[in-house]
Amino acid sequence: YAHEPSMQVSHETIYRSLFVQARGAFKKELLAHLRGGGKLRRPQGVSRHQGQGQIPDAISIRERPAEVEDRAVPGHWEGDLLMGGKSSQIATLVERRTRFVMLIKIDSKDSVAVAKALAKKIGRLPAELRRSLTWDRGTEMAAHKDFTIATDVNVYFCDPRNPWQHVSNENTNGLL
């Protein structure tokens, strides 16, 4: 239908149609017709490695002390890692009660480097401002035990795909 624009579809429409149909029995037949030789593109946001990269001995957010939830006591932090281009990363720490923000430039997203940089920054605070840290499920905090040993601050991890469980940090990252 080269001369009838209303009858034409984009390549994106074709791929989206294949995403839907490929979930059924026609998958192998449909994949054979793709230009990429049978490789089906994934919808945006879907990772091939979902479920991998578990954090060993992670302490659930549900085990945090009750005082963290009501924001009455300072010293409970929320953290996350912001990724920039060309391997640049910044850790953000937001204190839950005062909303005080600390930014830490991290040389590598390797969990040992992240834990070391966070421990150095948190270690400068008075002991009464070092009570807990809540982090998402990013593997950059897989070395959370090293951080806890260095700072005596327990790290609590949000449930998978629940960023609202550390909403102060998510809101701050959105503003940054």
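Throughout what follows, the structure given in this document is the object of discussion. (Residues numbered from 1 in each chain as written. Predicted model: local features only at pLDDT ≥ 70, side-chain atom pairs only at ≥ 80, totals over all residues. Heavy atoms only, no water.)

This next bit is on the overall build of the protein chain. The number of helices and strands found in the protein chain is six helices and six strands. N-terminal to C-terminal, the α/β element order of the protein chain is α-α-β-α-β-β-β-α-β-α-β-α. By the burial criterion, 36% of the 176 residues in the protein chain qualify as buried. Accessible surface, the protein chain as shown: approximately 11600 Å² in total, 53% of it carbon and sulfur. (Helix = DSSP H or I, 4+ residues; strand = E, 2+ residues; numbered from the N terminus. Buried < 20%, exposed > 50% of the residue type's maximum accessible area, 1.4 Å probe, protein only. Areas by Shrake-Rupley, 256 points an atom, 1.4 Å probe, with all protein chains shown as cover.)

Here the focus is unusual backbone geometry. At Arg 99, a position not held by glycine, the phi torsion is positive, near 65°. Within the secondary structure, Arg 99 is located in the loop between strand 3 (89-95) and strand 4 (101-106). What makes Arg 99 partly exposed here is its relative accessible area of 44%. At Arg 161, a position not held by glycine, the phi torsion is positive, near 55°. Tracing the backbone through its elements, the reader meets Arg 161 in the loop between strand 6 (154-157) and helix 6 (167-175). Under the relative-accessibility criterion, Arg 161 is labelled exposed at 69%.

With that settled, consider the sheet that holds strand 6. Across the sheet, which stays open at both edges, the six strands sit in the order 1-6-5-2-3-4 with mixed pairing between neighbours. Every interior strand has two partners, whereas the edge strands, strand 1 (59-60) and strand 4, have only one. Across the sheet, helix 4 (residues 111-122) lies against strand 2 (76-83), strand 3, strand 4 and strand 5 (132-135), angled at about 140° from strand 4, the strand it touches most. Sheet strands in contact with helix 5 (residues 144-151) are strand 5 and strand 6, and its direction is about 145° off that of strand 6. (Pairing = 2+ DSSP bridges. Contact = heavy atoms within 4.5 Å. Axes fitted to C-alpha atoms, helices over the stretch in contact; angles between N-to-C directions.)

This brings us to helix 4. Between its terminal C-alpha atoms helix 4 stretches 16 Å, which fits the 16 Å expected from 12 residues at 1.5 Å a residue. Listed in full, the buried residues belonging to helix 4 are Ser 111, Val 114, Ala 115, Ala 117, Leu 118, Ala 119 and Ile 122. Contacts made by the buried residues of helix 4 are with strand 2, strand 3, strand 4, strand 5 and helix 5. (Expected span 1.5 Å × (residues − 1).)

Of all hydrophobic cores here, the largest spans 23 residues; its most connected members are Leu 93, Leu 118, Ile 122, Leu 133, Trp 135, Met 141 and Phe 147. Secondary structure elements with two or more residues in this core: strand 2, strand 3, strand 4, helix 4, strand 5 and strand 6. Top element by residues in this core is helix 4. It accounts for six residues. Beyond its immediate stretch of four places on either side in the chain, Leu 133 contacts Trp 77, Glu 78, Gly 79, Leu 93, Met 141, Phe 147, Val 153, Asn 154, Val 155 and Tyr 156. (Core = buried A, V, L, I, M, F, W, Y, C linked by side-chain atoms within 4.5 Å.)

One pass over the full model with this rule turns up one aromatic pair. Here Trp 77 and Phe 100 contribute two aromatic rings whose centre-to-centre distance is 6.4 Å and whose plane-to-plane angle is 75°, an arrangement assigned as edge-to-face. Placement of the pair is Trp 77 in strand 2 and Phe 100 in the loop between strand 3 and strand 4, with a sequence separation of 23 residues. (Phe/Tyr/Trp six-rings, centres within 6.5 Å; stacked < 30°, edge-to-face > 60°.)

Glancing now at the pairing of strand 4. Across a regular strand the side chains alternate sides, sitting on one face of the sheet and then on the other. Covered by surrounding structure in strand 4 are Met 102, Ile 104 and Ile 106 only, the residues Val 101, Leu 103 and Lys 105 on the alternate face being uncovered. When strand 3 meets strand 4, the two strands line up antiparallel, connected through six bridges. Of the residues in strand 4, the one forming a bridge with Gln 89 is Ile 106. Taking the residues between adjacent antiparallel strands as the criterion, strand 3 and strand 4 are bridged by five residues, where Arg 99 takes a positive phi near 65°.

Here the focus is the side chain of Ser 132. Within the element layout of this structure, Ser 132 appears in strand 5. One polar contact links Ser 132 to His 76, side chain to side chain, over a distance of 2.7 Å. Setting aside anything within four residues of it in sequence, one finds Ser 132 in contact with Val 68, Gly 75, His 76, Trp 77, Val 153, Asn 154 and Tyr 156. (Polar contact = N/O pair within 3.5 Å; in protein donor to acceptor, adjacent residues only side chain to side chain.)

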